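Report on the structure
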Amino acid sequence: MSQTISAHVSDQNHGHVDQEGLKTLGFWIFLVTDCLLFATFFAAYAVLRTHTEGGFSAKDFNVPNFIIETFILLTSSFTSGLAVLSMHKGNKKGLIRWLIVTLLLGAAFVGLEVKEFADLAAEGATISRSAFLTSFFALVGTHGAHVTFGIFWMIAILFQLSKRGITPVTTRKVSLVSLYWHFLDAVWIFILTVVYLMGVM
């Protein structure tokens with residue numbers, strides 16, 4: 001009887017591990033498709049960046065604005081790493097604290113990006129003004145939408161952490177959201193280089 005119960009528990013644990021593994025695999029597939037998505041937007045931007053129709057061009061970007069955005073997002077990547085470090089140490093309070101700091105920095109980044117878009121629109125540089133602006137808003141806006149998704153994802157994880165603490169499930173979720181956040185930072189570095197720096201230079 002005891003052997004039957006042990007075998008049943010073992011099967012349940014094995015099934016749980018398999019589910020966690022499948023969810024992690026699903027995340028990696030999602031990340032690969034996201035890479036393809038951004039690669040498509042970068043390719044479109046590279047082709048259309050000179051099609052300004054005599055209006056706003058990449059040389060007109062506000063340099064201090066995108067430098068501040070970059071500083072904020074890179075700092076949030078560092079705090080995300082601190083959150084993972086706290087998790088591995090079993091420090092629930094530290095994990096929650098650094099996740100909150102990370103999502104607040106992410107929210108500040110999104111706020112600056114929204115302000116940038118609003119300022120451009122006020123100058124008449126709207127998404128329909130030229131092919132260049134269409135590709136710019138599509139690329140940068142898609143990245144901003146991903147950051148916004150990451151913020152809500154962290155909020156959901158914070159609720160789970162406050163109720164369940166650090167468990168195998170919440171550990172996986174924190175690890176994946178941190179990896180996702182680092183991915184968005186890497187994409188932003190490409191945006192900073194290809195769109196902003198090469199544009200103003």
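Since the model is a prediction, treat every value here as computed from it, not as a measurement.

A few points about the overall build of the protein
- When helices and strands are tallied, the protein shows five helices and zero strands.
- In terms of C-alpha radius of gyration, the protein reaches 21 Å, well past the compact-globule figure of 17 Å for 201 residues.
- For the protein, the spread of C-alpha atoms along the principal axes amounts to about 80 × 30 × 25 Å.
- Counting the 201 residues in the protein, one finds 39% classified as buried.
- Counted over contacts in the protein with a minimum sequence separation of 6, partners at least 24 positions apart contribute 83%.
- For the protein, the computed accessible surface area is about 10,700 Å², with 70% contributed by carbon and sulfur atoms.
- Across the protein, 13 positive and 12 negative side-chain charges occur, with their mean positions spaced 12 Å apart.

Quick notes on the side chain of serine 86
- By secondary structure assignment, the location of serine 86 is in helix H2 (residues 63–88).
- According to the relative accessible area criterion, serine 86 is buried, its value standing at 9%.
- Discounting residues that sit within four places of it in the chain, serine 86 has contacts with Asn91, Gly94, Leu95 and Trp98.

Quick look at the nonpolar core
- Counting 46 residues, the largest nonpolar core has Phe61, Leu99, Phe136, Ile191 and Tyr196 as its most contacted members.
- Taken together, the elements giving at least two residues each to this core come down to helix H1 (2–48), H2, helix H3 (92–122), helix H4 (131–164) and helix H5 (168–200).

Remarks on H4
- With 34 residues, H4 should cover 50 Å at 1.5 Å per step; its first-to-last C-alpha distance of 49 Å lies within 8% of that length.
- Where H4 terminates, the next one or two residues include glycine 165, which has phi positive at roughly 80°.

Side note on a nonpolar patch on the surface
- Side chains of Leu22, Leu25 and Ile29 sit close together on the surface and give an oily, nonpolar patch of about 310 Å² of accessible area.
- Positionally, isoleucine 29 belongs in helix H1.
- For isoleucine 29, a relative accessible area of 49% puts it in the partly exposed group.

Section: the packing of H2 against H3
- In contact at an axis separation of 8 Å, H2 and H3 are set at 165° when each is read in the N-to-C sense. The pairing of H2 with H3 is recorded here as roughly antiparallel in orientation. Remark: the crossing between H2 and H3 carries left-handed chirality.
- Considered class by class, the residues forming the contact of H2 with H3 number 14 nonpolar, eight polar and three charged.

Quick notes on the packing of aromatic side chains
- Counted by the stated rule, this structure contains 22 aromatic pairs.
- Both rings, one in phenylalanine 109 and one in tryptophan 188, keep their centres 5.0 Å apart while their planes meet at 90°; by these two values the pair is edge-to-face. Here tryptophan 188 lies in helix H5 and phenylalanine 109 lies in helix H3, a separation of 79 residues in the sequence.
- Among the residues examined, phenylalanine 109 registers a relative accessible area of 0% and is labelled buried.
- Both rings, one in tryptophan 188 and one in tyrosine 196, keep their centres 5.8 Å apart while their planes meet at 45°; by these two values the pair is tilted.
- Assessed through its relative accessible area of 0%, tryptophan 188 is described here as buried.

Overview of the pattern of salt bridges
- The full count for this structure, using the stated rule, is one salt bridge.
- Between aspartate 119 and lysine 115 there is a salt bridge; the shortest N-O distance is 3.0 Å. In this pair, aspartate 119 and lysine 115 are both assigned in helix H3, four residues apart and thus about one turn of the helix distant.
- Here aspartate 119 falls in the partly exposed class, since its relative accessible area comes to 35%.
- Given the relative accessible area of 46%, lysine 115 is considered partly exposed.

Definitions and limits used
Residue numbers here run from 1 along each chain, matching the order of that chain's written sequence. Per-residue local features of the predicted model are confined to residues with pLDDT of at least 70, and side-chain atom pairs are confined, for both listing and counting, to 80 or more; whole-chain, interface and lining totals are unaffected and use all residues. Think of the side-chain values as coming from all heavy atoms in the structure, minus any hydrogens and water. Put simply, DSSP marks the helices as runs of H or I at least four residues long and the strands as runs of E at least two long, and each gets a number from the N terminus on. We take the radius of gyration over the C-alpha atoms and set the globule estimate at 2.2 Å times the residue count to the 0.38 power. Think of it in three bands: with a 1.4 Å probe and only protein chains considered, a residue is buried below 20% of the maximum accessible area for its type, exposed above 50%, and partly exposed in between. It only takes one pair of heavy atoms within 4.5 Å for two residues to be counted as in contact. A 1.4 Å probe and the Shrake-Rupley method give the accessible areas. Residues count as covered only by the protein chains that appear here. Under the convention used here, Asp and Glu are negative, Lys and Arg are positive, and both His and the chain ends fall outside the count. Here the site of a charge means atom NZ of a Lys, CZ of an Arg, CG of an Asp or CD of a Glu. Here, the term nonpolar core denotes a set of buried Ala, Val, Leu, Ile, Met, Phe, Trp, Tyr and Cys residues that are joined through side-chain atoms within 4.5 Å. What a helix should span is 1.5 Å times the count of its residues minus one. Each patch is built from residues lacking any salt bridge and having more than 30% relative accessible area; the joining distance is 9 Å for like charges and 5 Å for nonpolar side chains (Val, Leu, Ile, Met, Phe, Trp, Tyr). By definition, a salt bridge exists where a carboxyl oxygen of Asp or Glu is found within 4 Å of a side-chain nitrogen of Lys or Arg. For helices, the fitted axis covers only the stretch in contact; all axes are lines through C-alpha atoms, and the angles between them, taken along N-to-C directions, range from 0 to 180 degrees. Angles below 35 degrees are treated as roughly parallel, those above 145 as roughly antiparallel, those between 65 and 115 as roughly perpendicular, and all remaining angles as oblique. Should the near helix be turned anticlockwise from the far one by less than a right angle, the crossing is termed left-handed; should it be turned clockwise, right-handed. Each residue receives one of three labels: charged for Asp, Glu, Lys and Arg, nonpolar for Ala, Val, Leu, Ile, Met, Phe, Trp, Tyr, Cys and Pro, and polar for the others, Gly being one of them. Any two of the Phe, Tyr and Trp rings considered here, Trp counted by its six-membered ring, make a pair once their centres fall within 6.5 Å; the pair's planes then place it as stacked at under 30 degrees, edge-to-face at over 60, or tilted in between.

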